[in-house]
Amino acid sequence: MASSTLLRMAADCIFCRIAAGTIPSTKVFEDERVLAFRDLHPVAPTHVLVIPKEHIASTAHAVETHEALLGHLLLVAAKVAEQEGLAKGFRVVTNTGADGGQTVDHLHLHVLGGRSMTWPPG
Ligand code: DGP
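Residues numbered from 1 in each chain as written. Predicted model: local features only at pLDDT ≥ 70, side-chain atom pairs only at ≥ 80, totals over all residues. Heavy atoms only, no water.

A.B. asks: Pulling in residues and values, what's your account of the site of the ligand?
C.D. replies: Around the ligand, the surrounding shell holds 15 residues, and the nearest of these are Arg38, Asp39, Asn95, Thr103 and His110. Taking Asn95, its side chain carries an N or O atom lying 2.7 Å from an oxygen atom of the ligand. In the complex, 84% of the free accessible area of the ligand, which totals 510 Å², lies under the protein chains. The cavity that encloses the ligand is the largest pocket. For the shell around the ligand, the secondary structure elements donating two or more residues are α1 (14-20) and β2 (34-38). Take the shell around the ligand: its biggest share by element is three residues, from α1. Class assignment for the residues of the shell around the ligand results in seven nonpolar, six polar and two charged. (Near = heavy atom within 4 Å. Polar contact = N/O pair within 3.5 Å; in protein donor to acceptor, adjacent residues only side chain to side chain. Areas by Shrake-Rupley, 256 points an atom, 1.4 Å probe, with all protein chains shown as cover. 1 Å grid on protein atoms, 1.4 Å probe; cavity = no way out; pocket = protein on both sides within 12 Å on 5 of 7 lines; lining within 4 Å. Sits in = over half its atoms within 2 Å of the grid points. Helix = DSSP H or I, 4+ residues; strand = E, 2+ residues; numbered from the N terminus. Nonpolar A, V, L, I, M, F, W, Y, C, P; charged D, E, K, R; others polar.)

Following this line, the structure appears as structure tokens:
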């Protein structure tokens, strides 16, 4: 295995297992560093999660060495939105920690679209 594909994984992390392919998902985009797949409980007509394959628990756990990866995640979110035909707009959300509403402790971007979003979020 190439060293670039030796990614850190966390035991008992659902999204690490999805990234490894041991839990199935409906993939919409994948490259060496990230995976995008449809959310199991969509809250919008389009609801895709974009995750790093490397385990990072949340935005709050990201460090300087993740800078390029974090930028890549956002670019992939935009690519997914284009691929999904969200020309009228979309929302990218990353819930962080208990008060942020995070339920899966593996950093992920929600790409939401296909309907008009409200503000402020609940
Ligand atoms: P958050 O609450 O921000 O941590 O978002 C976690 C999202 O992950 C939530 O919208 C539901 C989704 N989710 C949880 N488990 C699975 C799973 O096994 N497969 C898929 N596709 N999505 C999942």
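Let us keep going from here.
A.B. asks: Could you give an account of the layout of surface pockets, with specific residues and numbers?
C.D. replies: Taken as a whole, the largest pocket spans an internal volume of roughly 480 Å³. For the lining of the largest pocket, the secondary-structure elements that each account for two or more residues are α1, β2, β3 (46-52) and β5 (109-113). In terms of residues, the lining of the largest pocket owes the most to one element, α1, which gives three residues. Residue classes in the lining of the largest pocket are distributed as twelve nonpolar, ten polar and two charged. (Points joined across faces, edges and corners; volume = space filled by probe spheres on them.)

A.B. asks: With reference to specific residues and values, describe the packing of aromatic side chains.
C.D. replies: For the coordinates displayed, the defined rule picks out one aromatic pair. Arranged with centres 5.5 Å apart and planes meeting at 80°, the rings of Phe15 and Phe37 form a pair that is edge-to-face. Note that Phe15 is positioned in helix α1 and Phe37 in strand β2, a separation of 22 residues in sequence. According to the relative accessible area criterion, Phe37 is buried, its value standing at 3%. (Phe/Tyr/Trp six-rings, centres within 6.5 Å; stacked < 30°, edge-to-face > 60°. Buried < 20%, exposed > 50% of the residue type's maximum accessible area, 1.4 Å probe, protein only.)

A.B. asks: Give me the side chain of Ser58: which residues, what numbers.
C.D. replies: Counting through the fold element by element, Ser58 comes out in the loop between β3 and α2 (67-83). Within the local environment of Ser58, its side chain forms a polar contact with the backbone nitrogen of Ala60, the two atoms lying 3.0 Å apart.

A.B. asks: I'd like a rundown of the side chain of His47, residues and numbers included.
C.D. replies: Looking at the secondary structure, you find His47 in strand β3. The exposure class of His47 is buried, given its relative accessible area of 6%. One polar contact links His47 to His110, side chain to side chain, over a distance of 2.7 Å.

A.B. asks: Let's hear about unusual backbone geometry: which residues, and what values?
C.D. replies: For the bond running from Trp119 to Pro120, omega is 0°, close enough to zero to count as cis. Within the fold, Pro120 resides in the segment after β5. Not every positive phi belongs to a glycine, and Asp12 is a case in point at roughly 60°. Here Asp12 is to be found in the segment before α1.

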